[in-house]
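Chain and residue survey
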Amino acid sequence: MQNPLYTPAQQAIEDRAMALLRRPEMERVRMIVSMLFRNAVAWPSREQMDRFDTMIDEYLFHHAMRAANGDANHPVAARFMVPAHHWFGRDVPGSRWGGDSPDFVYRTIPIAHGGQYEIHGTTASGRPHSVNYSLMGDNTASPVTQAILDSLDMELAPDGSFTITVDGNPSEGRTNHIQTKPGADFIMVRDALGDWMTESPNALEVVRLNPDGAAKSEDAMAAHLAKIALDGVYYTAYCFVSGSGQAPNTVRPPLSSGAFGGMPSQWGSKGNIDLAEGEAIVVRSNAAGATFRNLVLTDPFHISIEYWNRTSSLNMVQMAPDEDGDYTYVIAHEDPGIHNWLDTCGVKRCLFGQRWQAFDRSAKHDDPWMTAKLVKVDDLEKELPDGVRWIDTAGR
C-alpha cells in the first residue's frame with residue numbers, strides 16, 4: 001500500500017518550509033523567540049534546559065510548515081507535528097508543539113472565507129477511524145475553533161471514499177460540509193490511529209473551485225512566518241504552564257478541550273509530574289464510551305518524549321483494562337512490571353495528558369473521570385487495585 005503522506009505536495013511544502021527558515025531575517029526571529037521563551041521558562045525548567053534548543057528548533061519549523069502551506073488559492077493537505085525524520089532522501093526537522101499526540105496524524109489545509117473547496121478522501125486502511133476536521137480562525141495568540149466535522153457524522157461511499165465541501169454557505173443537506181466564517185484560516189485534520197501496524201491515515205486531495213489570484217510569494221510566506229512565530233510564543237507558553245502550573249503529581253478533572261484551542265468534541269486532562277527516585281504515580285480512569293483514547297507524557301516544553309522506542313504513550317489498543325473494565329496506569333522512571341506503564345524516559349519533570357474522543361453515538365456513557373495517587377515504588381503492589389494486568393520483560 002502506498003503511504004498516503006508520501007506525496008510530491010508534502011515534499012514541496014517541507015522544502016519550502018526549510019527554505020523559509022534559511023532566510024537571513026529568520027535569524028532575528030529566532031533570537032527574539034528564544035529570548036521570550038527563555039525569560040518565561042529558564043528557572044521553572046532549569047533541570048531540563050538541555051532540551052530548550054530542540055524545542056526552539058521544532059517550534060520554528062512547526063510555524064514554518066504552517067506558513068509554507070498557507071496559500072489558500074493553492075491548498076494541499078500537508079502533515080506536520082512529527083519528530084525529526086529522514087525521508088524523500090533528506091533530513092526533515094521536527095515540528096512538534098503544544099502537547100502533540102503520537103497517535104495523531106496532523107495535517108493543515110489552508111482555506112479562506114469566500115473560497116469554495118472540495119476535500120477528496122479515501123480511508124486508506126480499509127476501514128474508517130476517528131478523524132476530526134477543525135476549521136481554525138486566524139488567531140495564533142489564542143486558537144479558535146470555528147467549526148468541526150467529526151468522521152463519526154460523515155457519509156462514506158461503499159469503497160471508503162468521501163468528499164467534504166467547504167464554503168461560506170450553510171450545509172443545505174450536505175452531510176460532509178464545513179461552513180467557513182470571516183477570519184477562517186485553515187482546517188486542522190487529525191487522524192487518530194490506534195493500531196499502528198494496520199491503520200493508516202486517510203489519503204486526502206484538496207481543490208479550490210474558485211481560484212482567486214496568483215500563488216503566494218515566498219516573501220509573503222516569510223512575513224507570515226515571522227508574525228505567527230512571534231505571536232504564538234504566548235499561547236505556547238500558556239500550554240507549558242497549564243500543565244506545570246498545578247501542584248506536582250496531581251491531575252485535573254477531565255474537561256472539554258475546546259476552551260483552550262483544542263477539539264471541542266474531545267475531553268482531556270493534564271497532570272504535572274515530578275517524581276523523585278523511588279516514587280511512582282498510580283492513575284486510574286474509565287473509558288467513558290470513547291472509541292479513541294490515549295495517554296501521553298511530554299517534556300516540560302510539551303513535546304512528546306521518545307515514544308518510538310519506549311512506552312511514554314499508550315492508546316486504547318496498546319493499553320490493557322483491569323478486570324473491572326476500568327484502567328490503571330503507573331507513571332515511573334523504572335519498569336514496575338504492570339502492563340500500563342508510562343515510561344518517563346529519564347525526564348524528571350513531565351507533563352501528562354489523556355484524551356477521550358469519538359464517543360459512541362448510539363449509547364449513553366459516563367463522563368470521563370481520572371484519579372492519581374503518589375506512592376512509593378516499594379509499596380506499589382499493595383496500592384494497586386485487584387485485577388491489574390501485569391507483564392514480564394519478554395512481554396514488554
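Above this text is the structure in question.
The paragraphs below set out a description of the structure included in this document.

Now for the packing of helix α3 (residues 52-68) against helix α4 (residues 218-244). At a minimum axis separation of 9 Å, α3 and α4 run at an interaxial angle of 130°. Here α3 lies oblique to α4, going by the angle between them. Crossing geometry of α3 relative to α4 is assigned as right-handed. Across the interface between the two elements, M55, Y59, L60, H63, A64, R66, A67 and A68 of α3 pack against M221, H224, L225, I228, A229, G232, V233, T236 and F240 of α4.

As a further point, take the nonpolar core. Among the nonpolar cores identified, the biggest contains 48 residues, and V33, F37, M55 and Y59 are the most heavily contacted of them. Mapped onto this core, the elements with two or more residues apiece are α1 (8-21), α2 (25-41), α3, β1 (78-80), β4 (104-110), β10 (184-192) and α4. Setting aside its immediate chain neighbours within four residues, V33 contacts I56, Y59, L60, A229, L230 and V233. Listed in part, the 23 residues of the second largest apolar core include I281, L295, L314 and L342.

In total, this model carries 19 salt bridges according to the counting rule given. For the salt bridge of R51 with D299, the shortest nitrogen-to-oxygen distance reads 2.9 Å. Taken as a pair, R51 in the loop between α2 and α3 and D299 in the loop between β16 (290-298) and β17 (313-315) lie far apart in primary sequence, 248 residues in all. What makes R51 partly exposed here is its relative accessible area of 27%. A relative accessible area of 3% means that D299 is categorised as buried. One salt-bridge network, in which partners are shared between bridges, spans R23, E25, E218 and D219.

Spatially, the 4 strands line up as an open sheet ordered β19-β18-β15-β21, and their pairing is mixed. Each edge of the open sheet carries a strand with a single partner, namely β19 (341-343) and β21 (370-376). Averaged over all neighbouring strand pairs, the angle between strand axes comes to 25°, with direction disregarded. Relative to β19, strand β18 (residues 327-332) runs parallel, the two being bridged by 3 bridges. Its bridge partner lying in β19, I331 is registered against L342.

Along an α-helix, residues three or four positions apart point the same way, because every turn accommodates 3.6 residues. Between its terminal C-alpha atoms α4 stretches 38 Å, which fits the 39 Å expected from 27 residues at 1.5 Å a residue. Along α4, the sharpest kink reaches roughly 40°, centred on V233.

Next up on the list: the packing of aromatic side chains. Counted according to the given criterion, the structure contains 14 aromatic pairs. When the ring of F104 is compared with that of Y106, the centres are 5.5 Å apart and the planes differ by 65°; the resulting orientation is edge-to-face. What makes Y106 buried here is its relative accessible area of 4%. Consider the rings of F104 and F292, whose centres lie 5.5 Å apart with planes at 40°: the pair is tilted. One end of the pair, F104, is in strand β4; the other, F292, is in strand β16, and 188 residues separate them in sequence. In terms of burial, F104 and F292 fall into one category: buried.

Conventions and cut-offs
Residues numbered from 1 in each chain as written. Predicted model: local features only at pLDDT ≥ 70, side-chain atom pairs only at ≥ 80, totals over all residues. Heavy atoms only, no water. Axes fitted to C-alpha atoms, helices over the stretch in contact; angles between N-to-C directions. Helix = DSSP H or I, 4+ residues; strand = E, 2+ residues; numbered from the N terminus. Parallel < 35°, antiparallel > 145°, perpendicular 65-115°, else oblique. Left-handed = near helix turned anticlockwise from the far one by under 90°. Contact = heavy atoms within 4.5 Å. Core = buried A, V, L, I, M, F, W, Y, C linked by side-chain atoms within 4.5 Å. Buried < 20%, exposed > 50% of the residue type's maximum accessible area, 1.4 Å probe, protein only. Salt bridge = Lys/Arg side-chain N within 4 Å of Asp/Glu carboxyl O. Pairing = 2+ DSSP bridges. Expected span 1.5 Å × (residues − 1). Bend = angle between axes of the 7 residues up to and from the residue. Phe/Tyr/Trp six-rings, centres within 6.5 Å; stacked < 30°, edge-to-face > 60°.

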